[in-house]
Amino acid sequence: MPTYTPPLRDMQFVMHELLNVVDELKMLPAHADIDADTINAVLEEGGKFCAEVIAPLNLSGDAEGCKLDKTTHEVTPPKGFKEAYKQYVEGGWPALSCDPAYGGQGLPVLVNQGMYEMMNSANQAWTMYPGLSHGAYEALHAHGTPEQKSTYLTKLTSGEWTGTMCLTEPHCGTDLGLLRTKAEPQADGTYKITGQKIFISAGEHDLAENIVHLVLARLPDAPAGSKGISLFIVPKFLVNADGTLGARNGIFCAGLEHKMGIHANSTCQMVLEDAIGTMVGEPNKGLAAMFVMMNAARLGVGNQSLGLTEVAYQNAAAYAKDRIQMRALSGPKAPDKAADPIIVHPDVRKMLLTARAYAEGGRALSTYVALQLDKALSSDDEDERKECEAEVALLTPIIKAFLTDNGWIATSHCMQVFGGHGFIHEWGMEQFVRDARINMIYEGTNTIQSLDLLGRKVLGNNGATLKKFGKKIASFVEEEGTSEAMQEFINPLADLGDKVTKLTTEIGMKAFQNPDEVGAAAVDYLRVVGHLCFAYFFARSAKIALEKQGSGDPFYTAKLHTARFYFAKLLPETASLIRTARAGLQPLMAMDEALF
Ligand SMILES: Cc1cc2nc3c(=O)[nH]c(=O)nc-3n(C[C@H](O)[C@H](O)[C@H](O)COP(=O)(O)OP(=O)(O)OC[C@H]3O[C@@H](n4cnc5c(N)ncnc54)[C@H](O)[C@@H]3O)c2cc1C
């Protein structure tokens, strides 16, 4: 069975040495009293919950899966899940970064982000039960009426109730404008909602006493397409005026999907038959309200793959030191043993270091974005709020797609390190690969994320937000440009920055002629910009590691080696990506459809 050790040291490095989050957070009135000890203590305690309570349920949960009782429509998750959830609620973990006005602990988003990384390492499928609740909490916090907030937010904050997002229908996934679920207004101000949703994560289970479904549906007179979609709260049990649970609502699970991974999370086909709901936000503007939840979920999905990358790396590294096979090409390294440990072989090291670099780069980028999110939510300076919001919007598709593509590569490499044993269930490695695969698909496929980045977030405002982020990189390059020790990092970083600027302009020009050029270049483009972000944070990390070389702490030596590996072996991938992005539309569209 895989093991998991919370990566507290690297989390502390990222938060306190790389990003100096405490100084930044203290500027925000909501977090004026925050200190490093509090952050560290919360994550240490949270790490214990992850390693000791939910990690041991990961393998058994995958083997057991969820069960649906077709007569009652009740779903039972695997053994131990309910008890673990009870412990999670009793520990106050759902409330970590929620608003104190609704019983939350008011801690920064970045603390919650760290907690979720560890939960995802320990058990992604289990983590999706509370994970979606937090997105529902955020959508209602931003768009709910005072009554909706007082009815639902306290319960979501405490974890007594969980949430879902019900968007997808059999004929509509990416294109939500096609959705058909209907909402009929009632005389009492509520709506009767009828339709079918599929693939609803945590759509039904017995972990919490109520489930708050956030459902997209159409009013009778709604315009066609995405401008005619409204958002509704549809609770599993109706809620009485005094907050107690009332009758069972007309929303139930009609089937469970049999899927490649995350077996322990219930992926439900949900049927709505005259289900009673209340509208969130304005009529026909549901998609905008739902976007709060979708953006939170996109960052959350990137975090899922970050967690899997870390846990897969830890297990593969331990295995590679233990497993002996063959001798090093340069002669025995462990002459006392019958063969050398496989960690002596260069390609095994390459696989391990790839996973390690993707975990460390992903953690730095995610924590940085979480910090910008804290500023966007809590700064008392409107300009700063807006600027941070724009930067989070720019980086969200990168976190979602780059980290999940990397997670797929990393978990696959780590499985490979185990040889044939990696393919066998009991070692847990093949589960990480299967679980990682969905992260590239849901919450908007990675193709859709790349279109969002290049089309909307970059070309949509003539590169203004990207330029602002680029200035941060440029000023670091400027500051470190004369440091000899930093040349190996600064030169490729500066070079890639220039290339991204040129590539963006070139695609922008081509897109004027034919908008499909954006679709032809977007996936490669996102990966290039993802590498630019990683290169920036690895260069900054390397600077600190170089300064601390005399400290004798092996953490900094390892950080420097990982940064060097990243620049030497992973970053150069950008050269071929830029080339394929520039190759444009023609090779893709030249062949007649009939020839496929
Ligand atoms: C396990 C699981 C859990 C899920 N959980 C939820 C949930 O909780 N709530 C929920 O509402 N949904 C959920 N989903 C649905 C998920 O978000 C969708 O599957 C996903 O958004 C893709 O939609 P689709 O499956 O209909 O694919 P389609 O939209 O049919 O896309 C098919 C392919 O076409 C590509 N494509 C589509 N449009 C374009 C375009 N414009 N340009 C380029 N390529 C394009 C896509 O990238 C994809 O490769 C879940 C799905 C799964 C499998």
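Residues numbered from 1 in each chain as written. Predicted model: local features only at pLDDT ≥ 70, side-chain atom pairs only at ≥ 80, totals over all residues. Heavy atoms only, no water.

Caption draft 1: A look at the overall build of the chain. Per the secondary structure count, the chain includes 18 helices and eleven strands. Here the C-alpha radius of gyration of the chain, 24 Å, is about what a compact globule of 596 residues would show, namely 25 Å. With the C-alpha coordinates of the chain rotated into their principal frame, the extents come out at 80 × 60 × 60 Å. Long-range pairs, those at least 24 residues apart, make up 73% of the contacts in the chain with a sequence separation of at least 6. Here the chain has roughly 24,900 Å² of accessible surface; of this, 56% comes from carbon and sulfur atoms. In the chain, 54 side chains carry a positive charge and 71 a negative one; their mean positions are 5 Å apart. (Helix = DSSP H or I, 4+ residues; strand = E, 2+ residues; numbered from the N terminus. Rg over C-alpha atoms; globule rule 2.2 N^0.38 Å. Contact = heavy atoms within 4.5 Å. Areas by Shrake-Rupley, 256 points an atom, 1.4 Å probe, with all protein chains shown as cover. Lys, Arg positive; Asp, Glu negative; His and termini not counted. Charge placed at Lys NZ, Arg CZ, Asp CG, Glu CD.)

Caption draft 2: Geometry of the side chain of Glu443. Looking at the secondary structure, you find Glu443 in the loop between α11 (429-438) and α12 (446-458). Buried charge without a partner: Glu443 forms no salt bridge, and the closest opposite charge is Arg298, 4.1 Å away. Leave out the neighbours within four places in its chain, and Glu443 touches Met165, Met294, Ala297, Arg298, Val301, Lys400 and Gln449. (Buried < 20%, exposed > 50% of the residue type's maximum accessible area, 1.4 Å probe, protein only. Salt bridge = Lys/Arg side-chain N within 4 Å of Asp/Glu carboxyl O.)

Caption draft 3: View of the pairing of strand β11 (residues 267-280). Looking at chain direction, strand β5 (residues 191-201) and β11 are connected through eight bridges and run antiparallel. By the bridge assignment, Ile193 is partnered in β11 with Ala275. Relative to β11, strand β7 (residues 230-235) runs antiparallel, the two being bridged by three bridges. Considered in β11, the bridge of Leu231 is made with Val280. Summarising the sheet, strand β10 (residues 251-256) and β11 pair through five bridges and their orientation is antiparallel. Pairing of Leu256 across the sheet is with Cys268, part of β11. (Pairing = 2+ DSSP bridges.)

Caption draft 4: The side chain of Thr309, seen in detail. Within the secondary structure layout, Thr309 lies in helix α8 (residues 286-322). Apart from the residues lying within four places of it in its own chain, the contact partners of Thr309 are Ala355, Tyr358, Ala359, Gly407 and Ala410.

Caption draft 5: Quick look at the environment of Ser133. Within the secondary structure, Ser133 is located in helix α6 (residues 109-143). On the accessibility criterion, Ser133 (7% relative accessible area) is buried. Taking C-alpha positions, Ser133 is 18 Å from Gly286, a pair spaced 153 residues apart along the chain. Sequence-distant contacts of Ser133, defined by excluding residues within four places in its chain, comprise Leu156, Trp161, Thr162 and Gly163. One polar contact links the side chain of Ser133 to the main-chain amide nitrogen of Gly163, over a distance of 3.1 Å. (Polar contact = N/O pair within 3.5 Å; in protein donor to acceptor, adjacent residues only side chain to side chain.)

Caption draft 6: Region of the structure containing α12. Along its length, α12 reaches its greatest deviation from straightness, about 25 degrees, at Asp452. Buried within α12 we find Asn446, Gln449, Ser450, Asp452, Leu453, Leu454, Lys457 and Val458. Lining the buried residues of α12 we find α8, α10 (382-417), α13 (464-480), α14 (487-513) and α15 (516-547). (Bend = angle between axes of the 7 residues up to and from the residue.)

Caption draft 7: Representation of unusual backbone geometry in the model. Although it is not a glycine, Asp274 sits at a positive phi angle of roughly 50 degrees. Structurally, Asp274 is set in strand β11. The phi dihedral of Glu443 is positive, around 65 degrees, even though this residue is not glycine.

Read these as layout, nothing more, since geometry by itself doesn't imply function.
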